[in-house]
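Remarks on the overall topology
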Amino acid sequence: THLFTDARPYYEAADYTTACLETTFNGPPYSGYPQFCAPDALASGLKTVGFHLLSTASNHSMDTGYSGLVRTLDVLDAAGLEHVGTYRTQQERDTVKIIDVGGIKLAMLAYTFSTNGLPVDSEHPYCVSVYTSDYMTDCSAVDYDLIQSDLDKAGQSGADAIAVYVHWGNEYHTEPSEQQEQLADYLFAHGATLVLGGHAHVPQPMELRELPDGRTGFLCYCLGNLISNQHDRYTNLTAAVSLELTKNGETGAVTVSDAEYVPMYMLHPDASADGRYHLLDLNRSIADCESGDHTVVPAAVLPALRQGLADAHSIFGAEEELQLSPAEKAA
């Protein structure tokens with residue numbers, strides 16, 4: 001939990017905090033790339049630092065098979081964490097996940113484009129929400145019928161708005177792919193208010209989006225890596241994003257009334273002053289380092305932090321409080 005010291009205040013200040021889990025909990029022996037299995041303590045740790053829900057739909061959902069998928073959900077349940085994207089039964093898959101965010105009901109959907117060539121269990125085809133019909137080969141054929149069916153059910157569920165997690169895109173590309181752009185457009189056009197992307201392991205753009213009915217939605221193609229041990233440029237960058245949702249008392253319509261992000265940096269033990277991993281609030285860490293406080297960040301690391309902040313601003317946007325573009329405002 002010490003990893004989240006800088007980020008934890010943002011998580012705890014929110015009515016609801018959510019992220020993507022890209023591992024399984026299948027007990028020892030634990031494993032890293034290419035098939036992940038983490039200690040159960042990670043689940044309770046995430047709950048402790050303020051998380052409420054995790055998307056479990058990723059290209060690693062099947063890393064420990066159907067039994068590992070089920071055990072992962074059992075561990076999350078035991079930790080008090082909600083989840084969406086993988087399922088133990090057809091009934092779970094068919095039931096729209098609705099969460100309460102400060103009195104606003106959000107229907108949560110989650111998808112992945114791939115399972116890394118590991119087939120979804122034929123006896124349990126519902127267990128992973130995969131949005132491509134050719135997920136074992138090219139991952140290029142988007143199953144819009146499946147997505148539309150889920151959006152329709154979410155729209156009829158009594159929820160005030162729909163949020164969609166999507167695992168998509170090309171790893172280590174800081175720009176979204178054409179498939180990402182097309183799918184994001186489709187989701188917004190067919191009822192989504194929030195589209196929360198991941199998978200690339202590097203930051204990709206985020207934006208406020210003018211919706212067809214005049215409301216404002218939010219899109220992030222990828223927030224990068226939250227916790228990782230990757231060292232290439234951009235892979236140590238992410239952000240804590242805070243969204244404010246407002247519900248119209250007369251119409252019931254939900255809009256994103258405020259959005260801002262805090263750039264964050266994954267500091268590895270070989271670069272930290274105490275030999276431990278730290279997820280840094282970049283602005284604060286740079287200010288501390290410049291003032292002479294090197295308790296966590298040695299002076300030699302300051303240039304890397306400054307470069308990370310510049311990279312985050314160039315990809316996410318120079319203004320950490322998001323605004324609709326002039327073109328969207330005019331529209």
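These remarks concern the structure in this document. (Residues numbered from 1 in each chain as written. Predicted model: local features only at pLDDT ≥ 70, side-chain atom pairs only at ≥ 80, totals over all residues. Heavy atoms only, no water.)

1. Considerations on the packing of aromatic side chains
By the definition in use, this model includes six aromatic pairs. Ring plane angle 50° and centroid distance 4.6 Å describe the contact between Tyr11 and Phe51, whose orientation is recorded as tilted. Within this pair, whereas Tyr11 is found in helix H1 (residues 8–13), its partner Phe51 is found in the loop between helix H2 (41–48) and strand S2 (53–55), the two being separated by 40 residues in sequence. (Phe/Tyr/Trp six-rings, centres within 6.5 Å; stacked < 30°, edge-to-face > 60°. Helix = DSSP H or I, 4+ residues; strand = E, 2+ residues; numbered from the N terminus.)

2. Here's the deal with the environment of Val101
Turning to its location among the elements, Val101 is positioned in strand S4 (residues 97–101). Under the relative-accessibility criterion, Val101 is labelled buried at 17%. For Val101 and Ala304, which are 203 residues apart along the polypeptide, the C-alpha to C-alpha distance reads 36 Å. Look past the residues within four positions of Val101 in its chain and what remains in contact with it is Asp15, Tyr16 and Leu106. (Buried < 20%, exposed > 50% of the residue type's maximum accessible area, 1.4 Å probe, protein only. Contact = heavy atoms within 4.5 Å.)

3. As for the pattern of salt bridges
Per the counting criterion, the structure on display carries 15 salt bridges. Notably, a salt bridge pairs Arg8 with Glu12, separated by 2.7 Å at the nearest N-O pair. Taken as a pair, Arg8 and Glu12 lie in helix H1 at a separation of four residues, close to a single helical turn. Among the residues examined, Arg8 registers a relative accessible area of 28% and is labelled partly exposed. Taking relative accessible area as the criterion, Glu12 reaches 47% and is therefore assigned partly exposed. (Salt bridge = Lys/Arg side-chain N within 4 Å of Asp/Glu carboxyl O.)

4. Things to note about the nonpolar core
In this structure, Phe4, Phe51, Leu76, Leu81 and Cys127 are the most contacted members of the largest nonpolar core, which totals 33 residues. Among the elements of the structure, H2, helix H3 (65–79) and strand S11 (254–267) are those that each provide at least two residues to this core. The biggest single contributor to this core is H3, with seven residues. When residues no more than four places from it in sequence are discounted, the contact partners of Leu81 are Ala43, Leu46, Lys47, Phe51, His52, Leu54 and Leu76. (Core = buried A, V, L, I, M, F, W, Y, C linked by side-chain atoms within 4.5 Å.)

5. Some details on the sheet that holds strand S12 (residues 278–281)
Spatially, S10-S11-S12 is the arrangement adopted by the three strands of the open sheet, whose pairing is antiparallel. The open sheet has two edge strands, strand S10 (237–247) and S12, and neither has a second partner. When the angles between neighbouring strand axes are averaged without regard to direction, this sheet yields 35°. With respect to the sheet, helix H7 (residues 282–290) is in contact with S10, S11 and S12, its orientation differing from that of S12 by roughly 85°. Across the face of the sheet, helix H8 (residues 302–316) comes into contact with S10, S11 and S12 while running at roughly 155° to S11. (Pairing = 2+ DSSP bridges. Axes fitted to C-alpha atoms, helices over the stretch in contact; angles between N-to-C directions.)

6. Some remarks on the packing of helix H5 (residues 144–155) against helix H6 (residues 178–189)
Remark: H5 packs on H6, axes separated minimally by 11 Å, with the N-to-C direction vectors making an angle of 30°. Taken together, H5 and H6 sit at an angle that is classed as roughly parallel. Note on packing geometry: the crossing formed by H5 with H6 is right-handed. Residues Tyr144, Ile147, Gln148 and Leu151 of H5 form the contact with H6, whose own contacting residues are Gln182, Leu183, Tyr186 and Leu187. Residue composition of the contact of H5 with H6, grouped by class: six nonpolar, two polar and no charged. (Parallel < 35°, antiparallel > 145°, perpendicular 65-115°, else oblique. Left-handed = near helix turned anticlockwise from the far one by under 90°. Nonpolar A, V, L, I, M, F, W, Y, C, P; charged D, E, K, R; others polar.)

7. Description of the pairing of strand S7 (residues 192–198)
The buried fraction of S7 amounts to seven of the seven residues, a majority that puts the element mostly inside the structure. One ladder, built from six bridges, connects strand S6 (residues 161–167) with S7; its direction is parallel. Opposite Ile162, over in S7, you have Ala192 as the bridge partner. With respect to chirality, the unit in which S6 leads through H6 into the neighbouring parallel S7 is right-handed. As paired elements, S7 and strand S9 (residues 216–220) share three bridges and run parallel to each other. Residue pairing for S9: Val195 is matched across the bridge by Leu219. (Right-handed = clockwise from strand over helix to strand, strands pointing away.)

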